[in-house]
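What follows is the residue order along each chain.
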Amino acid sequence: MTTWAVDSGIESSLREIREGIKEGRFPARAFNDQQIFDLEQQRLFPRTWCFLAHESEIPSPGDYVTRYIGNNNIIVARDEQGQIHANLNMCRHRGNVMCKSEMGNASHFRCSYHGWTYKNSGELIGVPYMKEGYEGRLKRKDWGLVNVRIDTYAGLVFGCLDPRTPSLEEYLGGFQFYLDLYLKQGEAGSEVHGPPDHWVADTDWKICAENFAGDGYHTPVAHQFGFNLGYFPSSGSTHSQGWAASIPGRGHGIGLGHSPNFPPFGGFPEELTAEMKRTLSPAQIEVFSKVRTAVGTVFPNLSFLMQPFSLVPGETGVRFVTMRLYHPVGPGRMEMYSWCLVPRGASQEYKDEAYKAYTLAFGQAGTFEQDDFENWTKVTRSAKSTMVKNIDFPYIMGMGSERDPDFPGPGHVVRPYVNDTNFRNLWGRWADYLVGDVEP
Ligand SMILES: [Fe+2]
């Protein structure tokens, strides 16, 4: 295996960055830098559990999507027996891309270069001129597509390239408690409402990961139109209320926004609320009933948001869930995948209303989405300027805060909702990976 030399300057900088995070500082440079990008590709994405697909995206035999782990393009396909496989999207003969579309249905993939053909599970079954060319020297079983280890949680399929990384269950480390708020809204679980919105942005993926790890601070400013017009039921005076919950040392974090006047389970139809109360644990129900907005990131680059959005100003509106994946394609550049998730067992009427609310708020041209990327592209641009080289940002909110003793959910949980605690945890884990010191 080739080992790529790493410039010793960046190594010592990263150790300094890691110490700075503990003291509440993080460098602007991290958000648009070629060396950092390269290290993330080498040391972060191949070692973490990366989200690949929701099972409902590929419900039938032969269904597939192509996704990424770092810069590796992966085919995620359901075979004839219903089992899901993940394989590197590369022909083992000369390296051509096997599957050129982002989603579809196929029992086999045939390479367009020399014609090697594989089952959708990755097994090599067809080699042109097998007898005449290879004269018995090629064993088909040795040349299947390169398989990728997968693991699932509540319909989410993750892949990992490093056999030493612990199981997904251990990696999530208790964050499942909070993921269930999005994924177990009813006995049948969740499903995607159509394919993801997918677009490219001149934004560092990490800015999105941080924002969705619980940046309640930006909402009344960046999204003030939503507040002022009454589409979003919160007010600037109470918006800081709620909690920041994180799994220490794992990088995962969630912001839980509370509005004193927002009704428990507001924005869900009654029958769905009743079903959620049967599905979730008493502690989860208690948390859910207090939460208006839940916005969380699974380290490194998968996020979820649940919030109400009203089409009639002043009314409670509909609570929707979006799931989003930030795929880095270069320093300061990413591809966004954004899904609307709905409870599988909900009425079609609720699913359509939730999708409409999602689209207006967080679809590609959604009001909240536009507000965010307007800011994020500018942060990314600033990060590239030469003066920024030695500038740090303050991450000192909530430093030294005690855990809220009354909060029933796991992890380190502090008040208020407006907080930097989750971000220090996120960046601490990120620095551990980049330095190369990750305890499995
Ligand atoms: Fe936002």
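Criteria and cut-off values
- Residues numbered from 1 in each chain as written.
- Predicted model: local features only at pLDDT ≥ 70, side-chain atom pairs only at ≥ 80, totals over all residues.
- Heavy atoms only, no water.
- Helix = DSSP H or I, 4+ residues; strand = E, 2+ residues; numbered from the N terminus.
- Expected span 1.5 Å × (residues − 1).
- Buried < 20%, exposed > 50% of the residue type's maximum accessible area, 1.4 Å probe, protein only.
- Axes fitted to C-alpha atoms, helices over the stretch in contact; angles between N-to-C directions.
- Left-handed = near helix turned anticlockwise from the far one by under 90°.
- Contact = heavy atoms within 4.5 Å.
- Nonpolar A, V, L, I, M, F, W, Y, C, P; charged D, E, K, R; others polar.
- Domains from an automatic or database assignment.
- Buried area = accessible area lost by both parts, 1.4 Å probe.
- Salt bridge = Lys/Arg side-chain N within 4 Å of Asp/Glu carboxyl O.
- Patch = residues over 30% accessible without salt bridge, like charges linked within 9 Å, V, L, I, M, F, W, Y side chains within 5 Å.
- Areas by Shrake-Rupley, 256 points an atom, 1.4 Å probe, with all protein chains shown as cover.
- Lys, Arg positive; Asp, Glu negative; His and termini not counted.
- Charge placed at Lys NZ, Arg CZ, Asp CG, Glu CD.
- Pairing = 2+ DSSP bridges.
- Core = buried A, V, L, I, M, F, W, Y, C linked by side-chain atoms within 4.5 Å.
- Parallel < 35°, antiparallel > 145°, perpendicular 65-115°, else oblique.
- Donors = N, O, S within 2.8 Å, 3.2 Å for Na, K, Ca; no water.
- Tetrahedral: all angles 85-135°; square planar, octahedral: opposite > 155°, others 65-115°.

A. How the structure looks around helix α13 (residues 421–435). For α13, spanning 15 residues, the distance from its first C-alpha to its last is 21 Å, which sits close to the expected 21 Å at 1.5 Å a residue. Burial of α13 is extensive: 15 of the 15 residues sit out of reach of the surface.

B. Geometry of the packing of helix α5 (residues 176–183) against helix α10 (residues 282–290). Two elements in contact, α5 and α10, have axes whose closest approach is 10 Å; the angle formed by their N-to-C orientations is 65 degrees. Once α5 is placed against α10, the crossing between them reads as right-handed. The segment α5 lies against α10, with Gln-176, Phe-177, Asp-180 and Leu-181 engaging Ala-283, Gln-284, Val-287 and Phe-288. Tallied by class, the residues present in the contact of α5 with α10 amount to five nonpolar, two polar and one charged.

C. Region of interest: the domain arrangement of the protein. Domain parsing of the protein yields domain 1 (50–153) and domain 2 (175–435). The partner domain 2 presents 19 residues to the 10 residues of domain 1 that form the contact. Carbon and sulfur atoms make up 68% of the surface buried where domain 1 meets domain 2, a total of about 1,300 Å² over both sides. Considering only the surface of domain 1 that becomes buried against domain 2, Phe-51, His-54 and Tyr-153 emerge as the three largest contributors, covering 48% of it. The interface formed by domain 1 and domain 2 contains zero salt bridges. The set of elements that each furnish at least two residues to the side of domain 1 that touches domain 2 consists of β2 (50–54) and β3 (63–69). Partitioned by chemical class, the residues of the side of domain 1 that touches domain 2 number four nonpolar, three polar and three charged.

D. Up close: a negative patch on the surface. Residues Glu-270, Glu-271, Glu-349 and Asp-352 make up a contiguous surface patch of negative charge. Going through the elements one at a time, α9 (270–279) and α11 (348–362) are the ones with two or more residues in the negative patch. The exposure class of Glu-270 is exposed, given its relative accessible area of 72%.

E. Representation of the sheet that holds strand β5 (residues 84–88). Within the open sheet, the four strands sit side by side as β5-β4-β3-β6. Their pairing is antiparallel. In this open sheet, the two strands that pair with only one neighbour each are β5 and β6 (103–105). Along the sheet, successive strands turn relative to each other by an average axial angle of 30 degrees, direction set aside.

F. Focus on the nonpolar core. The biggest cluster of nonpolar side chains holds 111 residues, and the ones touching the most others in it are Leu-256, Phe-304 and Trp-430. No fewer than three residues from each of domain 1 (50–153) and domain 2 (175–435) sit in this core. Filtering out sequence-adjacent residues up to four positions away, Phe-304 remains in contact with Leu-156, Leu-179, Tyr-182, Leu-183, Phe-212, Ala-294, Val-295, Gly-296, Val-298, Thr-322, Met-323 and Leu-341. Ala-77, Ala-106, Cys-111 and Leu-145 belong to the second largest nonpolar core, which has 15 residues in total.

G. Geometry of the packing of α11 against helix α12 (residues 367–383). Axis separation between α11 and α12 bottoms out at 3 Å; the angle between their running directions is 25 degrees. Put simply, α11 runs roughly parallel to α12. Across the interface between the two elements, Leu-360, Ala-361 and Phe-362 from α11 touch Thr-367, Phe-368, Glu-369 and Asp-372 from α12. Across the contact of α11 with α12, the residue classes tally to four nonpolar, one polar and two charged.

H. Inspection of the coordination of the iron ion at higher detail. Protein-derived ligands of the iron ion are His-218 (NE2), His-223 (NE2), Asp-372 (OD) and Asp-372 (OD), with the metal-ligand distances lying across 2.0 to 2.6 Å. Each of the four donor atoms around the iron ion contributes to a set of angles spanning 55 to 148 degrees, which defines the coordination as irregular. Considered as a linear motif, the donors of the iron ion on their single chain read H-x4-H-x148-D. A residue pair is termed long-range when its members are at least 10 positions apart, and His-218 in the loop between α6 (205–212) and α7 (219–222) and Asp-372 in helix α12 qualify at 154 residues. In terms of burial, His-218 and Asp-372 fall into one category: buried.

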